[in-house]
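# An overview of the molecular structure
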Amino acid sequence: MIAAPLVALVLAGIAAASPAVPPQPKAKNPQCNFWANVRDRFINEIFLGVCAQDVHSMVRISFHDAIGFSLHSEKGGGADGSMIKFQDVELKFPANEGVDFIVSFLQPFADDLGISYGDAIMFGTAVGMSLCPGAPRLPAFVGRPDATRAAPDKTVPEPQDDLTTIFARMADAGFTPTELVHLLASHSMASQAGVDPSPDLLGAPFDSTPFDFDSQVFLEVMLRANSFPAGGSGPNLGEDMSPLPGEFRLLSDRLFARDSRTSCAWQENALNQTAMASNFAAAFKKLSLLGQNQAKLLDCSELIGTPPPAKNKQAFFPAGTNHDLIEQACATQLFPTTLSTVAGRATPIPVVQLQDCPTCPTFKRRA
Ligand code: CA
Ligand code: CA
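These numbers were taken from a predicted model, which means no experiment stands behind them.

## Section: the packing of aromatic side chains
Applying the stated criterion across every chain, the model contains 13 aromatic pairs. Measuring from ring centre to ring centre gives 5.8 Å for F42 and F47, while their planes differ by 20 degrees; the resulting arrangement is stacked. The burial state of F42 is the same as that of F47; both residues are buried. Ring-pair connections join several aromatic residues into one group, and the members of that group are F42, F47, F109 and F363. The ring of F175 is capped by K286, whose NZ or CZ atom sits 5.0 Å from the centre of that ring.

Okay, structure coming up:
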């Protein structure tokens, strides 16, 4: 689990980096007025106005909470906030290592607002992603009832699982291998917690641009790798070597990029930032409605601001890499030779710092 003393160390840096948040849209549907206030409080009190670690943590908990669902058997109520309501059960599952940190913010925040935990997770994720360059505008439905039971263990795929097992679990929840790749665009803003327990590697990112929702993770996972990150204890279960200093690669990501069932969808995301973003939005909508009846929810997507544009229209080869390192797997399309290469030597990619929540102690907790 994440150590509390790390929190204080990073607070000043994050707060100082907060930019002015662009004006947010007003609610046309009066029923959404309340949620405009929820949105603004998320931006100011949880995300501190930036696309940083707390947005990543929201995207992560949205997947871990929602995937506790099955079309065929009892595996939980999907996108219902059970990860918070039944945290004493679900946070003990190994796959949920590190999720406790955002739960400790979200529970008192949701209680203070009087919103369900399922809505806090999914609405909050849509709000958070609106701060991230290159992200799509995500749909935002509200009105999920409180979770009624915990999800069982083993609903969240783990990076050491073989791909057939992972695809079967996702199919059980209603997702194709291609839709899984679309969800994995989240790894463009993600970092590791717990795969390598070394303190120096807490927050080691999966790509060279962890604050941008871009195609880099898909390109960089296709590169031939050469070492485990310095300061870590690799190889660890579920870890693979990476091609760039400081970068962390999940074993399952390497396999997705090279398996015939997913390699072409993976490469498409590497080559098309716009498609990657819209594919993610469609897959996220499906995720956010797992276990829910859309007809009973209120659509307040109009409240979600337009994210900043992507910094780069096309993925690039980071310094120290080039096209020769691409491990081609998609059989129907060669990886193009036209992408740009950053000159110079590779420089280590720093870990993503945790964010504190300065106002959290003032929130109320449910008895
Ligand atoms: Ca759940
Ligand atoms: Ca990125």
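## What about unusual backbone geometry?
Residue P235 is reached from G234 by a cis peptide bond, and omega for that bond is 10 degrees. Among the secondary structure elements, P235 is positioned in the loop between α10 (216-221) and β2 (239-240). We note that L48 has phi near 55 degrees; this positive angle belongs to a residue other than glycine. In this structure, L48 sits in the loop between α2 (33-46) and α3 (53-66).

## Remarks on the coordination of the calcium ion (ligand 1)
In the first shell of the calcium ion (ligand 1), the protein supplies D65 (O), D65 (OD), G78 (O), D80 (OD) and S82 (OG), at 2.4 to 2.5 Å from the metal. Here the donor residues of the calcium ion (ligand 1) are spaced in sequence according to D-x12-G-x1-D-x1-S. Each member of the pair D80 and S82 is classed as buried.

## Thoughts on the UniProt feature "binding site: Ca(2+) 2" (unreviewed entry) in the protein
Mapped onto this structure's residue numbering, the UniProt feature "binding site: Ca(2+) 2" (unreviewed entry) falls at S188, D207, T209 and D214. For the annotated residues, spread through 27 residues, the largest C-alpha to C-alpha distance comes to 9.5 Å, consistent with a single compact locus. Within the secondary structure, D207 is located in the loop between α9 (177-183) and α10. What D207 contacts, discounting residues up to four positions off in sequence, is S188, D214, Q216, V217, E220, E247 and I349. Of the polar contacts made by the side chain of D207, one reaches the backbone nitrogen of T209; its length is 2.9 Å. Considering the arrangement of structural elements, one finds T209 in the loop between α9 and α10. The class for T209 is buried, based on a relative accessible area of 12%.

## Regarding the pattern of salt bridges
Scanning the model with the defined rule gives 13 salt bridges in all. Salt-bridge contacts for E74 lead to R149; the nearest nitrogen and oxygen are separated by 2.9 Å. Taken together, the positions of E74 in the loop between α3 and α4 (82-85) and R149 in the loop between β1 (141-142) and α8 (163-172) put the pair 75 residues apart, joining distant regions of the chain. Put simply, R258 and E327 hold a salt bridge, and the shortest N to O gap is 2.7 Å. Taken together, the residues R258 in helix α11 (residues 251-258) and E327 in the segment after β4 (298-299) connect sequence positions 69 residues apart. Here the salt bridges share partners, and the residues they tie into one network are R41, E45 and D112.

Calculation criteria
- Residues numbered from 1 in each chain as written.
- Chains lettered and ligands numbered in written order.
- Predicted model: local features only at pLDDT ≥ 70, side-chain atom pairs only at ≥ 80, totals over all residues.
- Heavy atoms only, no water.
- Phe/Tyr/Trp six-rings, centres within 6.5 Å; stacked < 30°, edge-to-face > 60°.
- Buried < 20%, exposed > 50% of the residue type's maximum accessible area, 1.4 Å probe, protein only.
- Lys NZ or Arg CZ within 6 Å of the ring centre and 35° of its normal.
- Helix = DSSP H or I, 4+ residues; strand = E, 2+ residues; numbered from the N terminus.
- Donors = N, O, S within 2.8 Å, 3.2 Å for Na, K, Ca; no water.
- UniProt positions renumbered as here; feature names shortened; annotations may be inferred.
- Contact = heavy atoms within 4.5 Å.
- Polar contact = N/O pair within 3.5 Å; in protein donor to acceptor, adjacent residues only side chain to side chain.
- Salt bridge = Lys/Arg side-chain N within 4 Å of Asp/Glu carboxyl O.

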